[in-house]
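# Observations on chain architecture
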Protein chains: 2
Amino acid sequence: MSNASASHKDMANAIRALAMDAVETAKSGHPGMPMGMADVATVLFTKFLKFDAGAPNWPDRDRFVLSAGHGSMLLYSVLYLAGYPGLTMADLKAFRQLGSKTAGHPEHGHIAGIETTTGPLGQGIANAVGMALAERLLNARHGDKAVDHFTYAIAGDGCLMEGVSQEAISLAGHLKLNKLIVLWDDNAISIDGATSLAESDDQLARFAASHWATARVDGHDAEAIAKAIAAAQKSDRPTLIACKTIIGYGAPTKQGKSSTHGEPLGAEEIKGAREKLGWASAPFEVPEAVLSAWRAAGSRGTEIRKAWEKANAGIAATLSEALSEESLRGVSAAISALKTEWGANPPKLASRQSSQKVLEAIVPAAPALIGGSADLTGSNGTRTKHHTSVTPGDFAGNYIHYGVREHGMAAAMNGMALHGGIVPYGATFLVFTDYCRPSIRLSALMGQRVVYVMTHDSIGLGEDGPTHQPVEHLAALRAIPNLNVFRPADAIEVAECWELALQAKATPSILALTRQTLPALRTGPDFGNMSAKGAYVLAEAGLKRDVTLIATGSEVSLALDAKALLQEKGVSAAVVSMPSWELFAQQPEAYRRDVLGAAPRVAVEAAVGMGWERWIGERGIFVGMQSFGASAPAAKLYEHFGITPRTVADAALKLTVG
Amino acid sequence: MSNASASHKDMANAIRALAMDAVETAKSGHPGMPMGMADVATVLFTKFLKFDAGAPNWPDRDRFVLSAGHGSMLLYSVLYLAGYPGLTMADLKAFRQLGSKTAGHPEHGHIAGIETTTGPLGQGIANAVGMALAERLLNARHGDKAVDHFTYAIAGDGCLMEGVSQEAISLAGHLKLNKLIVLWDDNAISIDGATSLAESDDQLARFAASHWATARVDGHDAEAIAKAIAAAQKSDRPTLIACKTIIGYGAPTKQGKSSTHGEPLGAEEIKGAREKLGWASAPFEVPEAVLSAWRAAGSRGTEIRKAWEKANAGIAATLSEALSEESLRGVSAAISALKTEWGANPPKLASRQSSQKVLEAIVPAAPALIGGSADLTGSNGTRTKHHTSVTPGDFAGNYIHYGVREHGMAAAMNGMALHGGIVPYGATFLVFTDYCRPSIRLSALMGQRVVYVMTHDSIGLGEDGPTHQPVEHLAALRAIPNLNVFRPADAIEVAECWELALQAKATPSILALTRQTLPALRTGPDFGNMSAKGAYVLAEAGLKRDVTLIATGSEVSLALDAKALLQEKGVSAAVVSMPSWELFAQQPEAYRRDVLGAAPRVAVEAAVGMGWERWIGERGIFVGMQSFGASAPAAKLYEHFGITPRTVADAALKLTVG
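Residues numbered from 1 in each chain as written. Chains lettered and ligands numbered in written order. Predicted model: local features only at pLDDT ≥ 70, side-chain atom pairs only at ≥ 80, totals over all residues. Heavy atoms only, no water.

## Examining the confidence of the model for chain A
When pLDDT is averaged along chain A, the result is 97; 99% of the residues meet or exceed 70. Scored as a complex, the prediction yields pTM 0.98 and ipTM 0.98. (pLDDT = per-residue confidence, 0-100.)

Structural data, given as structure tokens:
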């Protein structure tokens, strides 16, 4: 409880005033939400949230997620008022300006206290589910003394309309994530107007159907809000608190209207709001008493934090770092051993199967790894003998059955990674990266180590047909900045790509893996991680290189077969395996030139050719898909779509003869 | 009611046997669902569904959607048994084989009676919402005599777990789509095992929270099923009927287990199932009495259909065709008039604003156009003075408030387009194409005329920051086969791209439009649709072309400014506007060569460069984004990321000097 002398009303009005003023100064932004939810945020941050503004990365802090990210000024105001380090009034004045910490939507990494990047609606609530899950997982491992905190999220009507929210709600209710508390900004206003234009759900009944506790309060009644949060903290289920609020609360003519949502109120309206709210301070000025009451709230947790640090000195790093250097060394050792074994005894495995064998080897070395699948465990090969399932209320396990909820899975994985102490991997078919693409994008934008195990990565999946066959997905994923897309060619490359994915601390990875069996291509001793450079010459041409064949994944063996066909014609081909465009692009130009060579190039990949011109040049030929796939056994499809050693060899001949 | 003499049990067992046998023959597939839902499907098709197998495209037929598309053999069996034209026992035997009509998942267009392509879970139920909405819209326009049919969907547990289902359910309940009936295959089994591994929702309560009527029946009790459907037909709301079934019903050792879901039962199990079910016929044989009972069910609707055709001869085409030739001529005339006006009085408008003006002009000519937005109506510019909103239970309007439900919107639009009689367009920000990408893909795969109005198409959206700024989305969309991505450069190109989108009968379109104001680039008289060729020389270089500058959308004017800068240096540049890669790629090589020219090329687009090598070649330079965006006013961002006339001119100089 804050002990400095300022009223709740003034403390909440400080948020409202800062939000109005910053949006006005920026000439753009969203004042309505911060003004509407100021009371709720004030109660939460001054009476409930366990945090120490001076030590914002304390592992056992409560997590706060602003799922309705357009209300960023609510968060910035509160973080400033509570005294988070490195955030000044000048930053608030620079709201939405180039290089400012106070971006239009909260960007993770800009200010300590922004637990996740939000703005795309529904993501935050699903991140919060992941954070609450991470908390319970770590609690089960380290006990209450080390890990015992709540996750709070403020969600808007838009968040609840997005489908991903349902996936998140359903999963959280099922798993009984009782330390998750969602505060719904129930203002009944959307951009087009009243939410009743598009929506009439009974949200409390909806959450109750997924086994949440629910409550409904006046979002401007501080006592009622406090009572509801206190009750929620004691619940054995996640809780939704519907906070009935007035959007733009305090704006004399605009409050309660959608016009307060996404544009400045205007000087006249702001003047009126100051009067109506009884807020006499000038723009960007907070009375000393109000500020010190907020600062006191911001340091409420200092003693608890210090006591925690004393008691948990031994594991603090584990809780925030996730994969320790020791873990990573263990992973590398296990992978090296596997590669040596496979080099000596070349396996014929689908790459999803070799991925499973890699996991068998590395999971013991990396206890922070939490696996899972969106109901395709057997197909994805994501579960090993080291795994036990997480079940409702029991978090000792290390494997999550995410259900048929790809989007919720990906967003939850982001939340788990952001929470710290965990490196999540999750799986579905590659074609269904479309279902979780908004969250994959956020993994990349936030630089989170999330590993997406995406199997059945081409027409090679066969009979299920075009709805299940990715053709454009590799290109679409490669287009996302800061995302490593790996398509390994055999078991050894799979092991290497897993190693790279786990070493990439600030980049998410996609592992695109086959359904169909692949031959072993790399044999003999292990000379280190060849995939780390993104591409390398797998088979030399000999003295003179007539043509370079470039391939990824399942098509590398096909390129090797093409090389043999070309040999018969006296054409000497080098074969380049290119498991990752991104890593190859990062290599020095000299290396890239060496690998690609000066001879004409043919690329082969069972996918659309978009972007391959970068590697094959104008003269090059791409052998791949020109359309969606079809339903048939895989081998027939490769024939049908003309992706064969013969077509590759013919393309090469076209470039080299004459 | 079928009057031929075969028991319900035998008629249902015919489905089960065909499903078992076809999967066994294909050596892959999903027998569990068809065996489990055979009773429900038999009741529906023999007692309720209004259809005439001999005239499968009858516009007033009931629609049936197999949302759980992996159960395709259920649909194929029923269509065969009911006597749909062009589907033979040989087709069932060719299940999942190359070129067969009976693909792994139902593919729209392969067989009349496959109302939509399903397989990606949750899509079908959301398509069904669109179909039911289309039915009510057309009913409001043409009356009960012409349009009065139900939409039925069979959905599985996976469909209900997918977030898109929530968006669809919520919208359907809100709009009171009372002619929509969803039959949930409540078998409590998913791929990983019991659904209780991942899910424990009270589905009936969930649907009730969105104002659906709900019922629960034994899915193997024909009478109970019939009673529930009869009640649902009378409801004033959409209805969910939970059909408690046993997956793989009849398989002696495997029924009720996830092992029946996605693989052949095996010869021994099939033999046992035949015994248990009392089905004595050989594989792919259906007793004459059973087949003729089914065929009688398939022709139940013949008389009704004939009577309907007599009564509605005048409008049958309108109900199935959507945009008549007359409508298209009207659209073209309106667009031509607008272009003439704009040519004479060049407007400065954001392309989202010129799009709105185009809609003002064309909506009266195209009554089949149904507009909407995912709660961004004002921002997207999708509503005109000709629009009135569709409201719960009142379908006279022509504008849908889809709510913050991009995925549900896109899937519903697919359903509306598939239904016939409607051409839907819907809008959100371009960055949120990620949220509806699975449905955009299906628009393309099914070849449906759906128009996606995607505004705020680059960093030009400014202050909202990187979560709202598309950088990879143009590339990701261009990678999808059979999707036209348009990025018009000024008001006249916007008008042209709208015309092309509406003329593309079997291809969906994306219109990528700016938030920021654009200058008019095309002035003077209208010489026809220049955008139709995908790219054209907007500004000639003069006698000698030193360099070609290629741009799209908002960057075309920037290329023109660069041309002026180059002129000062004595370098002669041609500027190519390229509103559509797809249409340009379809032009004869000679045209493409003419446009691109032999001189070095620079491309500029405020997006990632992926794929641009195709147009600029190895020597070319791309000016664009290398990373995610940032939060700042648009003009500052263009400076910050180096997308300016100066950088384009500098790139050109690098290529032309020395």
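## Looking at helix α15 (residues 351–362) of chain B
Residue and element names in this part refer to chain B. Over its 12 residues, α15 runs 16 Å from end to end, which matches the ideal 16 Å to within 8%, given 1.5 Å per residue. Listing the buried residues of α15 in full gives S351, R352, S354, S355, V358, L359 and I362. All buried residues of α15 fall inside an arc of 160° around its axis, so they share one side. (Helix = DSSP H or I, 4+ residues; strand = E, 2+ residues; numbered from the N terminus. Expected span 1.5 Å × (residues − 1). Buried < 20%, exposed > 50% of the residue type's maximum accessible area, 1.4 Å probe, protein only. Arc of directions from axis to C-beta.)

## Some details on the environment of Y452 of chain B
Residues and elements named next belong to chain B. One can find Y452 in strand β12 (residues 451–455). With 348 residues separating them along the chain, Y452 and G104 place their C-alpha atoms 29 Å apart. The residues contacting Y452, other than those within four sequence positions of it, are A410, M413, N414, G426, S439, I440, S443, P508, S509, I510 and L511. (Contact = heavy atoms within 4.5 Å.)

## Let's talk about the sheet that holds strand β2 (residues 151–155) of chain B
All names here are of chain B. Pairing is parallel across the open sheet formed by 5 strands, whose spatial order is β1-β2-β3-β7-β6. Every interior strand has two partners, whereas the edge strands, β1 (63–66) and β6 (213–218), have only one. Here the strands of the sheet are splayed against their neighbours by 15° on average, with no regard to which way each runs. For strand β3 (residues 180–186) and strand β7 (residues 239–244), the ladder comprises 6 bridges, and the chain directions are parallel. (Pairing = 2+ DSSP bridges. Axes fitted to C-alpha atoms, helices over the stretch in contact; angles between N-to-C directions.)

## Some thoughts on the packing of aromatic side chains
All names here are of chain B. In the structure shown here, the tally under the stated rule is 29 aromatic pairs over all chains. Judged by centre distance (5.5 Å) and plane angle (85°), the rings of Y425 and W498 are edge-to-face. One end of the pair, Y425, is in strand β11 (residues 423–429); the other, W498, is in helix α20 (residues 491–503), with 73 residues separating them in the sequence. For the pair shown, Y425 and W498 are each scored as buried. Looking at K179, its charged tip hangs above the ring of F150, at a distance of 4.4 Å from the centre. (Phe/Tyr/Trp six-rings, centres within 6.5 Å; stacked < 30°, edge-to-face > 60°. Lys NZ or Arg CZ within 6 Å of the ring centre and 35° of its normal.)

## What to know about the relation of the copies chain B and chain A
The transformation that overlays chain B on chain A combines an axial shift of 0.0 Å with a rotation of 180°, and the residual RMSD is 0.0 Å. Taken together, the rotation and translation relating the two chain copies correspond to the operation of a two-fold axis. Both copies present the same face, since 100% of the interface residues in chain B are matched by interface residues at the equivalent positions in chain A. (Least-squares fit on C-alpha atoms with pLDDT ≥ 70 in both.)

## Topic: helix α3 (residues 72–82) of chain A
All names here are of chain A. Where burial is concerned, most of α3 is hidden: 11 out of the 11 residues are buried. Against the buried residues of α3 lie α1 (8–26), α2 (32–48), β1 (63–66), α4 (89–93), β2 (151–155) and α11 (288–298). Immediately downstream of α3, the backbone of G83 shows phi near 95°, a positive value.

## What to know about the side chain of T552 of chain A
All names here are of chain A. Among the secondary structure elements, T552 is positioned in the loop between β17 (547–551) and α21 (555–568). Residue T552 is classed as buried on the basis of its relative accessible area, which comes to 1%. One polar contact links T552 to R487, side chain to side chain, over a distance of 2.8 Å. For T552, the residues in contact, after removing those within four places along its chain, are R478, R487, M578, V604, E605 and W612. (Polar contact = N/O pair within 3.5 Å; in protein donor to acceptor, adjacent residues only side chain to side chain.)

## Concerning the pattern of salt bridges
Under the defined criterion, the tally for this structure stands at 60 salt bridges over all chains. The salt bridge partner of R646 of chain A is D650 of chain A, with a shortest N-O separation of 3.9 Å. One end of the pair, R646 of chain A, and the other, D650 of chain A, are both in helix α26 (residues 645–656), 4 residues apart, so they sit about a helical turn from each other. By relative accessible area, which is 35% here, D650 of chain A ends up partly exposed. The partner of K179 of chain B in a salt bridge is D148 of chain B, with the nearest N and O atoms 2.3 Å apart. Of this pair, K179 of chain B sits in the loop between α7 (163–175) and β3 while D148 of chain B sits in the loop between α5 (123–142) and β2, placing them 31 residues apart in sequence. Residues joined in a network through salt bridges with shared partners are E135, R136, D148 and K179 of chain A. (Salt bridge = Lys/Arg side-chain N within 4 Å of Asp/Glu carboxyl O.)

## Brief notes about the interface of chain B and chain A
Interface size is often expressed as the accessible area that is lost when the parts come together. Each partner contributes residues to the interface: chain B has 93 residues there, and chain A has 93 residues. Carbon and sulfur atoms supply 57% of the area buried between chain B and chain A, which totals about 7,800 Å² over both sides. Looking at the side of chain B facing chain A, the largest losses of area belong to Y435, R441 and M610 of chain B, adding up to 10% of the total buried there. Inspection of the region where chain B meets chain A yields 8 salt bridges. If you look at where chain B meets chain A, you find 51 residue pairs in polar contact (both at pLDDT 80 or more). Of the residues in the side of chain B that touches chain A, the class split is 36 nonpolar, 33 polar and 24 charged. (Buried area = accessible area lost by both parts, 1.4 Å probe. Nonpolar A, V, L, I, M, F, W, Y, C, P; charged D, E, K, R; others polar.)

## Considering the side chain of D62 of chain A
All names here are of chain A. Here D62 lies in the loop between α2 and β1. Comment: no salt bridge for buried D62; closest opposite-charge side chain is K50, at 4.9 Å. A polar contact of 2.7 Å, which involves the side chain of D62, links it to the backbone nitrogen of F150. What D62 contacts, discounting residues up to four positions off in sequence, is F48, L49, K50, E115, H149, F150 and Y152. (Lys, Arg positive; Asp, Glu negative; His and termini not counted.)

## A look at the environment of E24 of chain A
Residue and element names in this part refer to chain A. Within the fold, E24 resides in helix α1. Taking the relative accessible area as the measure of exposure, E24 reaches 26% and is therefore partly exposed. Along the backbone, E24 and T88 are 64 residues apart, and their C-alpha atoms lie at a distance of 18 Å. Filtering out sequence-adjacent residues up to four positions away, E24 remains in contact with P264, L265, G266, A267 and I270.

## A word on the sheet that holds β17 of chain A
Picture the strands of a sheet paired through backbone hydrogen bonds; they go either parallel or antiparallel. Residues and elements named next belong to chain A. Read across the open sheet, the 5 strands follow the order β16-β18-β17-β19-β20; overall the sheet is mixed. Lying at the two open borders of the sheet, with one neighbouring strand each, are β16 (536–539) and β20 (621–625). Direction aside, neighbouring strands of the sheet carry axes that sit 30° apart on average. As defined by bridge partners, β16 adjoins strand β18 (residues 573–577) across 3 bridges and the pair is classed as antiparallel. Following the sheet pairing, V537 is matched in β18 by V576. Of the strands in this sheet, β16, β17, β18 and β19 (601–608) touch α21, which is tilted by about 160° from β17.

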